[in-house]
Amino acid sequence: MKTKKLPSVAPKFENAYVIYRNLPKEITALESNEFIGIRPEEANKIFSSKIKNHLNKLVVFAPVTFADKEGFSAHKLLRCIDLNIILGNLTKKDHAPKTETIIHPDIIEKSFESYPQIPENTRRILDTCSIEMESSPLNNRRHFTGNKDDDFKLISKLAFNGCYRRYGKDNKEAIRRTNHELSVINKLNFESYFLITWDIIRYAQNAGYHHVGRGSGANSIVAYNLGITDVDPIELDLYFERFINPYRSSPPDFDIDFSWDERDDITDYIFKRYGKEYTALLATYNTFKGKSIIRELGKVFGLPKADIDAIVDEPFATEKHHEFAKYIFRYGKLLEKMPNYLSIHAGGVIISEQPLNYFTALKMMPKGFPITHFDMYGAEDLQFHKFDILSQRGLGHIKDAVKLIERNKGLTIDIHNVKDIKKDENVKRQLADGDCLGCFYIESPAMRGLLKKLHCDNYVSLVAASSIIRPGVAKSGMMKEYIKRFHNPGKTRYIHPTFKEHLKETYGVMVYQEDVLKIVHHFAGLDLAEADLLRRIMTGKRKESDTFYNLRNKFYENCEKRNYSKELTDTVWFQIASFSGYSFSKAHSASFAVESFQSLFLKTYHPLEFMVGVINNFGGFYYTEVYVHEARMAGAVIHAPCINNSQYLTGIKGKDIYLGLIHIASLERNLALEIVNEREKNGNYESFDDFMDRIDPAKEQTELLIRIGAFRFTRKNKYELMWEKNALLNAAAVCPETVTLFEDYHEEYSLPRLEEGNYDQVYDELELLGFPVSLSPFEMTKISCTDGITAAEMMKNIGKIVVMVGYYITRKYVRTVKDELMNFGTFIDRRGKFFDTVHFPPALQKYPFLGKGIYRIKGKVVTEFNFPSLEVLEMEKIPFVKDERY
């Protein structure tokens, strides 16, 4: 997109003044709202200029760009970064003059003492200027249908139709709550906000897109009835006031997840449906920080990459630094946290009533959607309602798996039948076993371990698990306390009957943000809206200290009126204060749990198609190799890429899974697509010659296909194919671009037998795919890996020192209370089962991880809530056999 230059003469403005720095036209031709700006240092030049006879058109021009001399230096560095030049190439016209700093009014008056009319002109203009940018919910698109009454009629009809569909016509609680929410929505003028969200979901459903409605919006039964979310707020006792209430000063927002490859189409629909003048994405401010400052300033000072790397890698090793490093650190401090550039918010969209240029300039981004110049906090200050249109890979897994099941098995799956999926005994059993690899949000080692510790076999328990796995809850010790009470519910002691009444589901432990609302409301008597406001202040989202102190005082006053002891009140307040900072919305957890159940259902009944869906979406917790392994464990036969069976992405035929051509490192995308398209158009490739005639690939690309074994159907080994490749490519080079009238004749010749080594293919796979396919890693070691116990035998060896051999999968880095590094590792044993290891600082320092491969591990088997792991005492990496290809 070409950038248009500003015209030298401004267009006619009705409500603005224009200050020129030069004379774009004769001074006598200036409009009544047009003036010439004169800098204080230029005042002594007026007497010799023709403008001295037109003092009524002159004003003071004294912009402030930086605070002081040091700020001027930082400004020049920023200009170099913007222009991508070194400091020595910066000219005066590239930056502001050093006088653009704060000047005392007395100095300005002194500069213009010969022309007092100029400061007077300036004051007169300033006195008549004002900016009105009202913070009001009326800034949003006010009506969906055209007027408020029709909006309320429509949302009421949709809400009650959905209520009867979801709950039946006799559910009094659902009808009562629907009525209550509709009255609040009507009172706060949120009808259009709900209806626009419903409209977005309606478009997505008509297009066949999957979605998940989450966040605090899932607390609303109206949202549930409208199909915006699949979380039942009555089932989970979710509070609507957590989402919308009269005291909430910041506007609510719906978080709607779509598959990563469908989100842009949804965004495009919103812009087309509601108008590009009125719709924009929110910006985020990317600031200068950390290593990026060093790299940017290093380039400005003209340092070679090696010198910049030395400063970045070892910031305290001053003896290794270039002499300019001290200036980089000095000015880097000035630039830290300064805005660098505008980027796009993860998914925030706003829709206004007036054109958005009433509030902000807009910047067009590469995808064709404009962004505002304010971020989500600026939008919140203006009371814009934000629609979070987000993307995630988990929905892509589900969507693709459903399509693959229909194609491979001829079955149609209703993945939105969540009610029955949550009751399925096989799904619940698999959940309790922690057999969730590939399933959204519940596949990490820590989460699978937690599910086993909790024997989690139902939706409500999974909702809790999804929240207590959060770093803050786990770090605070509340996760361990929750598990302890889960296993010994009879020993749970509640500090007050209110905790037993309202937190019995979580054994008296506050797990969700909603729990704060319940305790503040029921224990201390604050109303729900006040309780939510207190929660928001405590989480740091608002810093209105007066409001906070007033609410805290009311909390204590109410507790005193209820005759609570000071000790009890202090204890509850401390729990609330310490918990709120890391709590997680129950509605958010519930939304994730719905998607987890959907994923788990597909994995339970259609594991092969599900794993292919996971592989093709490239976004799980693990890398591709682990999902390929999981598919093999579920009964799949895994094939390396093949020109006659592989698609661009990974495909499945019965139980045969053919890895996609996309997985071959350095294979060009266009070539991969051409191979598939040509095969679908004109049939399978009959031979290597046939392939070369029909595709004509480059030499290096052909070699990649040969090395991965993509021509194995020819029954020729890769060395023979390399010879044939050279002969064919050399022949093509002699006679380029000739039209073939008849089938080419290729001379037959014989070569001495060229044998492949036993491990040549697997090493090619490691190099090109990143993991072995034709052999297990356990078959590649120099020594036997059959000693030691397996994962299945760990529970029989609790407290014993044992040896285990495992293939390294992943590890988690953790800091101890002494700030020492420790790790939690995950491995696969020789039978393909996962086991977990604990590496305390002394063992980790002495026996560090050395990358991917097979490890022989000696340690003590320990258990926590019947979940075993190995506390590592010694660890060594077992070398693979020698690579003899070269």
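1. Describing empty space enclosed by the protein
And then number 1: According to the stated counting rule, one finds two cavities of 30 Å³ or more in the structure shown.
And then number 2: In this model, the largest cavity occupies a volume close to 80 Å³.
And then number 3: Surrounding the largest cavity, H211, V212, G213, T229, D230, V231, H416, S591, V594 and Q598 form its lining.
And then number 4: Among the secondary structure elements, those contributing two or more residues to the lining of the largest cavity are β4 (211–214) and α25 (586–605).
And then number 5: Volume-wise, the second largest cavity comes out at about 30 Å³.
And then number 6: If you go around the second largest cavity, the residues you meet are H502, L503, E505, T506, Y512, D515, K518 and K586.
And then number 7: In terms of residue class, the lining of the second largest cavity is built from two nonpolar, two polar and four charged.

2. Some points on the packing of aromatic side chains
And then number 1: For the structure on display, the rule yields 43 aromatic pairs.
And then number 2: Aromatic side chains Y193 and F387 sit 4.9 Å apart centroid to centroid with 45° between the ring planes, which places their arrangement in the tilted category. Remark: F387 occurs in strand β10 (residues 386–392) and Y193 occurs in helix α6 (residues 191–206); sequence separation between them is 194 residues.
And then number 3: Centroid distance Y459 to F597: 6.2 Å. Interplanar angle 65°. Geometry classified as edge-to-face. Highlighted residues: Y459 in helix α17 (residues 459–468) and F597 in helix α25, separated in sequence by 138 residues.
And then number 4: According to the relative accessible area criterion, F597 is buried, its value standing at 1%.
And then number 5: Following the ring pairs from residue to residue traces out a cluster consisting of F499, F523, F548, Y549, F555, Y556, Y564 and W573.
And then number 6: The side chain of K422 reaches across the aromatic face of Y459, ending 3.9 Å from its centre.
And then number 7: Lying over the aromatic face of Y658, K653 brings its terminal NZ or CZ to 5.6 Å of the ring centre.

What counts, and at which threshold
- Residues numbered from 1 in each chain as written.
- Predicted model: local features only at pLDDT ≥ 70, side-chain atom pairs only at ≥ 80, totals over all residues.
- Heavy atoms only, no water.
- 1 Å grid on protein atoms, 1.4 Å probe; cavity = no way out; pocket = protein on both sides within 12 Å on 5 of 7 lines; lining within 4 Å.
- Points joined across faces, edges and corners; volume = space filled by probe spheres on them.
- Helix = DSSP H or I, 4+ residues; strand = E, 2+ residues; numbered from the N terminus.
- Nonpolar A, V, L, I, M, F, W, Y, C, P; charged D, E, K, R; others polar.
- Phe/Tyr/Trp six-rings, centres within 6.5 Å; stacked < 30°, edge-to-face > 60°.
- Buried < 20%, exposed > 50% of the residue type's maximum accessible area, 1.4 Å probe, protein only.
- Lys NZ or Arg CZ within 6 Å of the ring centre and 35° of its normal.

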